[in-house]
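Listed here are the chains, written in short residue letters.
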Amino acid sequence: MSHPLHNVLVVEDETAIAETVLYALRSEGYAARHCLLGNDALARLRQQAYDLVVLDVGLPDMSGFEVCRSLRTFSEVPVIFLTARNDEFDRVLGLELGADDYMAKPFSPRELVARVRARLRRAGSSAAPESAGWQQLGRFAIDREGRRIRFGEQLLDLTRYEYALMAALLQRPGAILSRAQLMDRGWDSDADSADRTVDTHVKTLRAKLRAAGADPDPIRTHRGLGYALEA
Ligand code: CA
């Protein structure tokens, strides 16, 4: 896994969790630092630029939400919250405060690292949207190395599955791909993967395309056969 060295600040008062997260990040090549308290984190974030902050909501001196609110007065650094509570209120408040993602404890460190990586990739791509590797296909453009897709001028914010699906469709515009083919191309068809999985991701993908101004819908449903892309 090669990527430029990114600085990640982990703000977490439970040392066992912090150590697991730091270990996972460092073994993927990130430079990770740790703070136990919200105030220390803010002081450090004022002194040094970080690329991403992993922020526990339940800190001893102030809540992660308060840390984020203060942070937003001087920095737009991406934030991923760690939360012990998985309720809707936290989620909404976190989004309002400009959090980029959140994970409910207990979580898998690998999953967290994957989210960190995805978030940093997005941050990098919005900073330099014209970097090499873009292939134009009609109104779409795909950067297969960077695993990102644009519609018009807009970079689509896709999940891993949505990206895989879209990349498969863009490989052969106009061709009808069955759900099985889309799954083979998109991701390992292990475990409980079913046709429904494809349909679900197509649905969310369509919503994102619509939001990006794709009208009419470029993904055609061919009943009983599969999907095709009108690029
Ligand atoms: Ca805590």
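Just so you know, these numbers come straight off a predicted model, no measurement behind them.

Please provide a residue-by-residue account of the coordination of the calcium ion, values included.
Only Asp13 (OD), Asp56 (OD) and Gly58 (O) from the protein reach the calcium ion as donors, at distances of 2.2 to 2.3 Å. All donors of the calcium ion belong to a single chain; written as a sequence motif, their spacing is D-x42-D-x1-G. The class for Asp56 is buried, based on a relative accessible area of 2%.

Explain the pairing of strand β3 (residues 52–56) to me, using residue names and the numbers behind them.
A large share of β3 lies buried, amounting to 5 of its 5 residues. With burial as the criterion, each face of β3 is covered, one bearing Leu52, Val54 and Asp56 and the other bearing Val53 and Leu55. With 4 bridges connecting them, strand β1 (residues 7–11) and β3 associate as parallel partners. Counterpart to Val11 in the pairing with β3 is Leu55. The sheet contact formed by β3 and strand β4 (residues 79–83) spans 4 bridges and is parallel. Along β4, the bridge assignment pairs Asp56 with Leu82. In this region the chain leaves β3, passes through helix α3 (residues 64–71) and returns to the parallel neighbour β4; the handedness of that crossover is right-handed.

Describe the pairing of strand β2 (residues 31–35), with residues and values.
As judged from the 5 bridges shared by β1 and β2, these two strands associate in the parallel manner. By the bridge assignment, Asn7 is partnered in β2 with Ala31. This β-α-β element, β1 to helix α1 (residues 15–27) to β2, shows right-handed connectivity.

Residue-level account of the packing of helix α2 (residues 38–47) against α3, with values.
As a packed pair, α2 and α3 sit with axes 10 Å apart at the nearest point and diverge in direction by 20°. In terms of orientation, α2 and α3 fall into the roughly parallel class. For α2 against α3, the interelement crossing comes out right-handed. Along its contact with α2, which presents Gly38, Leu42 and Leu45, the element α3 presents Val67, Ser70 and Leu71. Split by residue class, the contact of α2 with α3 holds 4 nonpolar, 2 polar and no charged.

Outline the environment of Ile142, supporting the account with residue identities and numerical values.
Looking at the secondary structure, you find Ile142 in strand β7 (residues 140–143). For Ile142, a relative accessible area of 1% corresponds to the buried category. Between the alpha carbons of Ile142 and Tyr163 there is a distance of 9.8 Å; along the sequence they are 21 residues apart. If sequence neighbours within four positions are ignored, Ile142 has contacts with Gly133, Trp134, Gln135, Leu137, Arg148, Ile149, Tyr163, Ala167 and Leu170.

Report on the layout of surface pockets, specifying residues and quantitative values.
Quantified by volume, the largest pocket comes out at close to 890 Å³. Per element, the largest residue contribution to the lining of the largest pocket is 9 residues, and it comes from helix α5 (residues 109–127). When grouped by side-chain class, the residues that make up the lining of the largest pocket number 8 nonpolar, 3 polar and 13 charged.

Outline the sheet that holds β3, listing residues and values.
The 5 strands lie next to each other as β2-β1-β3-β4-β5, forming an open sheet whose pairing is parallel. Either end of the sheet is taken by a strand with one partner, and the two such strands are β2 and β5 (101–104). For this sheet the average axis-to-axis angle between neighbouring strands, irrespective of direction, equals 20°. Across 4 bridges, β4 lies against β5 in parallel orientation. Pairing of Leu82 across the sheet is with Met103, part of β5. Lying over the sheet, α1 contacts β1 and β2, oriented at roughly 165° with respect to β2. The strands touched by α3 within the sheet are β3 and β4, with β4 carrying the most contacts at an inclination of about 165°.

Rules used throughout
Residues numbered from 1 in each chain as written. Predicted model: local features only at pLDDT ≥ 70, side-chain atom pairs only at ≥ 80, totals over all residues. Heavy atoms only, no water. Donors = N, O, S within 2.8 Å, 3.2 Å for Na, K, Ca; no water. Buried < 20%, exposed > 50% of the residue type's maximum accessible area, 1.4 Å probe, protein only. Helix = DSSP H or I, 4+ residues; strand = E, 2+ residues; numbered from the N terminus. Pairing = 2+ DSSP bridges. Right-handed = clockwise from strand over helix to strand, strands pointing away. Axes fitted to C-alpha atoms, helices over the stretch in contact; angles between N-to-C directions. Parallel < 35°, antiparallel > 145°, perpendicular 65-115°, else oblique. Left-handed = near helix turned anticlockwise from the far one by under 90°. Contact = heavy atoms within 4.5 Å. Nonpolar A, V, L, I, M, F, W, Y, C, P; charged D, E, K, R; others polar. 1 Å grid on protein atoms, 1.4 Å probe; cavity = no way out; pocket = protein on both sides within 12 Å on 5 of 7 lines; lining within 4 Å. Points joined across faces, edges and corners; volume = space filled by probe spheres on them.

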